[in-house]
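Here's the letter readout for the chains.
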Amino acid sequence: MLYFEVPAGDEVGTSFDFLQETAGEQCKNRSAFWGLSTLQYTKVEVLMKISELLHDDKVSLSLEVFPPKTTTAIESVTRSVKEIAALKPDFMSVTYGAGGGTSEHTVRIAKDIKATYGVPSMAHLTCVSSTKETVDGQLRLMQDAGIENVLALRGDIPTDGDFPLPNQFHYAVELVRHIKEVAPELCIGGACYPEGHPEAVSKAEDIRHMKEKVDAGCEFLTTQMFFDNSIFYNYMYRLREAGILVPIIAGIMPITRKNQVERSIQLSGSCVPARFKSIVDWFGDDPAKMKQAGIAYATDQIIDLIANGISHIHVYTMNDPEVAAGIMNNLSEIIK
């Protein structure tokens with residue numbers, strides 16, 4: 001939990017209004033105040049566990065950021081994170097970086113998001129490039145930082161290294177079990193793949209692995225990016241049919257640059273609908289038009305998802321405050 005100290009007594013109403021601006025929708029109602037005698041300070045509780053947020057009927061929209069890849073990029077990433085946090089999403093996640101290469105900054109940024117900006121945060125943790133000792137070290141850092149949410153992932157296997165080594169977890173389910181054993185107070189999330197994991201023999205096998213992760217302790221699943229909502233709806237049916245009943249967060253990637261398309265397909269194996277290909281073909285050579293069109297397409301996806309009963313959306317912002325703000329502004333009346 002996160003608490004803000006505010007003046008009590010006659011200033012409670014004003015303080016609550018301030019906290020709503022500071023902590024957004026995570027701030028509980030006025031009944032959260034106690035000890036309201038003059039000159040005292042009181043505490044307002046801000047919910048931090050994502051599992052609690054996801055079991056609310058309210059539509060949630062969360063945003064993902066990634067750490068700096070080099071020390072020279074720290075300032076620009078910090079500025080972007082601050083601007084994105086100022087939009088007051090329901091929570092923010094911080095990636096672990098390809099191969100764990102930016103892991104040293106993950107916990108620090110997640111801590112700042114929570115403690116400085118009053119937004120619930122989640123730190124990613126991967127098996128790849130992390131020994132079991134490294135995993136335990138990261139978990140201790142999360143606990144010390146007051147981070148209550150972790151996304152347990154295998155990660156992308158590096159092309160120039162051996163994986164797994166004897167002292168590494170091989171699969172995400174192993175990491176989930178370990179976290180549940182050594183840090184049971186953490187809320188654990190996992191990844192899922194509407195179009196099937198690229199390495200899975202079949203979609204049925206992939207679903208079985210999802211069930212294993214949930215049974216091991218995953219409290220929610222976030223999807224890989226997808227660009228065709230019908231694929232997601234079909235996937236949701238198959239998950240529920242398999243008895244996977246945890247909340248599913250739909251992952252949306254706004255494609256705002258032409259060169260993102262090929263890269264995104266390589267990473268996720270996602271199918272790109274003809275409609276979206278036409279958008280890229282028509283607007284791709286004009287950066288401003290492509291950004292606006294990409295934000296519009298992602299917004300349209302999200303509106304369709306919400307209209308079809310999908311309550312939880314996660315946007316991969318690529319650290320671009322303009323993209324995050326564009327999405328949030330387009331949905332301002334829908335998600336409030």
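Below you will find a few notes about this structure. Remember, it's a predicted structure, so these values are computed and weren't measured experimentally.

### Some details on the sheet that holds strand 10 (residues 312-316)
Spatial ordering of the closed barrel is given by 3-4-5-6-7-8-9-10, a layout of eight strands whose pairing is parallel. Adjacent strand axes in the sheet meet at a mean angle of 30°, parallel and antiparallel pairs treated alike. Pairing between strand 4 (residues 92-94) and strand 5 (residues 121-126): three bridges, direction parallel. Each bridged residue has a counterpart across the sheet, and for Met92 the counterpart in strand 5 is Ser121.

### With respect to helix 8 (residues 229-241)
Over its 13 residues, helix 8 extends 18 Å from the first C-alpha to the last, a length consistent with the 18 Å expected when each residue adds 1.5 Å. Of all the residues in helix 8, the buried ones are Asn229, Phe232, Tyr235, Met236, Arg238 and Leu239. Contacts made by the buried residues of helix 8 are with strand 7 (187-192), helix 7 (203-216), strand 8 (220-223), strand 9 (248-252) and helix 11 (287-307). Gly243 sits one or two residues past helix 8 and shows a positive phi near 85°.

### Brief notes about helix 5 (residues 132-145)
For helix 5, spanning 14 residues, the distance from its first C-alpha to its last is 20 Å, which sits close to the expected 20 Å at 1.5 Å a residue. Among the residues of helix 5, those classed as buried are Val135, Gly137, Gln138, Leu139, Met142 and Ala145. The inward-facing, buried residues of helix 5 contact helix 4 (103-115), strand 5, strand 6 (149-153) and helix 6 (172-182). With its phi angle positive at about 80°, Gly146 sits one or two positions after the end of helix 5.

### A short note on the nonpolar core
Ranked by size, the top nonpolar core spans 80 residues in total, and within it Met92, Leu125 and Ile179 carry the most contacts. No other element matches helix 11, which puts five residues into this core. Ranked by size, the runner-up nonpolar core spans 13 residues in total, among them Met225, Val272, Tyr297 and Tyr316.

### Things to note about the pairing of strand 6
Most of strand 6 is tucked away: five of the five residues are buried. Here strand 6 shows two buried faces, one formed by Asn149, Leu151 and Leu153 and the other by Val150 and Ala152. Sheet analysis places strand 5 next to strand 6, joined by four bridges and oriented parallel. Residue Leu125 lies in a different strand from strand 6, and its bridge partner there is Ala152. What joins strand 5 to strand 6 is helix 5, and the crossover it makes is right-handed. In this sheet, strand 7 lies alongside strand 6 in parallel orientation, the contact comprising three bridges. From the neighbouring strand, Asn149 faces strand 7, where its bridge partner is Cys187.

Parameters at a glance
Residues numbered from 1 in each chain as written. Predicted model: local features only at pLDDT ≥ 70, side-chain atom pairs only at ≥ 80, totals over all residues. Heavy atoms only, no water. Pairing = 2+ DSSP bridges. Helix = DSSP H or I, 4+ residues; strand = E, 2+ residues; numbered from the N terminus. Axes fitted to C-alpha atoms, helices over the stretch in contact; angles between N-to-C directions. Expected span 1.5 Å × (residues − 1). Buried < 20%, exposed > 50% of the residue type's maximum accessible area, 1.4 Å probe, protein only. Contact = heavy atoms within 4.5 Å. Core = buried A, V, L, I, M, F, W, Y, C linked by side-chain atoms within 4.5 Å. Right-handed = clockwise from strand over helix to strand, strands pointing away.

Note that all results are geometric; they support no functional claim without further evidence.
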